[in-house]
Amino acid sequence: MAIVPIPFRGTTLEYGTLGRPLVILLHDWYGRLAGMEHYGIPLAQRGFHVLIPDLYDGWAATDDADAAVLLARLNPTVAMNMIEEFVRSGRTNGAPRVGLVGFSVGGWLALLLAQSGILDAVVAYDAVLNEREVGVLPCPVQLHFAGENGSDPELFVARLLDDGTTLERFDYFRAARSFASRSVSASTAESDALAFARTTSFLEKYLVD
C-alpha cells in the first residue's frame, strides 16, 4: 500500500452550474479518491453546484496507516479557511443556500464550520464533535454512522438534541467506515445508495427553494 498522487492535484473539482444551491464535498481521511467524483456528479445532475476541494494537496492513501500519515499533515485551520472561502465565494456568485457534506475528517471539519452559522445545512458521515469542541449548530444536521469501526455518536447526538438542533440520524450496522464516499454507482452496496438518497433528499429540503 502507499500514498499516491491523485488526478488534478491541488485543484478543486467542480460540477453543475454556478449560482445554483452550492454543495461542498469534503473527503475522508484517505484523501480525494475517485468515489468523491462518483458522489458529486449525481448531485450536480440533481441541480446542485458541487465543489470537491483537495484537502491533502494532491495526495491520497490506500490503507489506514498511510491515511493516518496524511491526516497528521492536515492543518485544520488552513482547511477551514479554505472551505469558508468557498462558502463566501459561492454566495457572492449567486448561490441561494450552501451546504457541506463531509466524510470522517471531512465531516468533522463540516461540523466545526457549521458552528459559525454560515451554512444552511450540513451532512456528516462518521464524524462527531467532542466535548471540548463546544458550540451550537444552528443549521439542520444529518448524521450517518457506520456500524463497523465508526464513531461513537451518543454524547454528540444528545448534545444536539439538547440544543434544539434540527437533526436526522441514520445508522448502517453492517457498513464499514467511509462506506458512502466510495461510489454511488449501480454496483455499490445497498447502504451506500440508501445513504446517498437520504443525503440528496435532505439537501433538496434545506437548500432548494
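Structural data are supplied above this passage.
These figures come from a predicted structure and were not determined experimentally.

A. Focus on the overall build of the chain. Looking only at helices and strands, the chain has six helices and nine strands in total. What you see for the chain is a C-alpha radius of gyration of 16 Å, in line with the 17 Å of a compact globule of 209 residues. For the chain, the residues scored as buried account for 51% of the 209 residues in total. If you take every contact in the chain between residues at least 6 apart in sequence, the share linking residues at least 24 apart comes to 70%. Carbon and sulfur atoms make up 53% of the accessible area of the chain, which amounts to about 9500 Å² in all. When the 16 positive and 25 negative side-chain charges of the chain are each reduced to one mean point, those points stand 3 Å apart.

B. Broad picture of the packing of aromatic side chains. Throughout the structure, instances matching the rule amount to six aromatic pairs. Seen in terms of ring centroids, W29 and Y30 are 5.7 Å apart; in terms of plane orientation they differ by 65°. Their pairing is edge-to-face. The buried category is assigned to W29, whose relative accessible area is 14%. We classify Y30 as buried; its relative accessible area is 18%. Relative to Y125, the ring of F103 has its centre 4.6 Å away and its plane inclined at 25°; by these criteria the two rings are stacked. Here the residue F103 occupies a position in strand 6 (residues 98-103), and Y125 occupies one in strand 7 (residues 121-125), the gap between them amounting to 22 residues. Take F103 and Y125: they sit in the same class, and that class is buried. An aromatic cluster is defined as three or more aromatic residues linked by ring pairs; in this entry it consists of Y39, F103, Y125 and F196. Stacked on the ring of W59, the Lys or Arg R9 has its end atom at 4.2 Å from the ring centre.

C. Main features of the nonpolar core. Core analysis: the largest hydrophobic core is formed by 41 residues, its most contacted members being I24, L100, L111, V122 and L143. Mapped onto this core, the elements with two or more residues apiece are strand 3 (22-26), helix 2 (64-73), helix 3 (76-92), strand 6, helix 4 (105-114), strand 7, strand 8 (141-148) and helix 5 (154-163). Per element, the largest residue contribution to this core is seven residues, and it comes from helix 4. Those residues within four positions of L111 in sequence are excluded, and the remaining contacts are V122, A124, A127, V128, L129, L137, V141, L143 and F156. Formed by 25 residues, the second largest nonpolar core is a distinct cluster that contains V23, V50, F170 and F202.

D. Representation of the environment of A158 within the structure. In this fold, A158 is placed in helix 5. Under the relative-accessibility criterion, A158 is labelled partly exposed at 34%. Placed 50 residues apart in sequence, A158 and V208 show a C-alpha to C-alpha distance of 28 Å.

E. Examining helix 5 more closely. Restricting attention to buried positions, one finds in helix 5 the residues F156, V157, R159 and L160. Projected onto a plane normal to the axis of helix 5, the buried residues spread over an arc of 160° and lie on a single side. Residues L155, L161 and D162 are exposed on helix 5 and point more than 90 degrees away from its buried face.

Calculation criteria
Residues numbered from 1 in each chain as written. Predicted model: local features only at pLDDT ≥ 70, side-chain atom pairs only at ≥ 80, totals over all residues. Heavy atoms only, no water. Helix = DSSP H or I, 4+ residues; strand = E, 2+ residues; numbered from the N terminus. Rg over C-alpha atoms; globule rule 2.2 N^0.38 Å. Buried < 20%, exposed > 50% of the residue type's maximum accessible area, 1.4 Å probe, protein only. Contact = heavy atoms within 4.5 Å. Areas by Shrake-Rupley, 256 points an atom, 1.4 Å probe, with all protein chains shown as cover. Lys, Arg positive; Asp, Glu negative; His and termini not counted. Charge placed at Lys NZ, Arg CZ, Asp CG, Glu CD. Phe/Tyr/Trp six-rings, centres within 6.5 Å; stacked < 30°, edge-to-face > 60°. Lys NZ or Arg CZ within 6 Å of the ring centre and 35° of its normal. Core = buried A, V, L, I, M, F, W, Y, C linked by side-chain atoms within 4.5 Å. Arc of directions from axis to C-beta.

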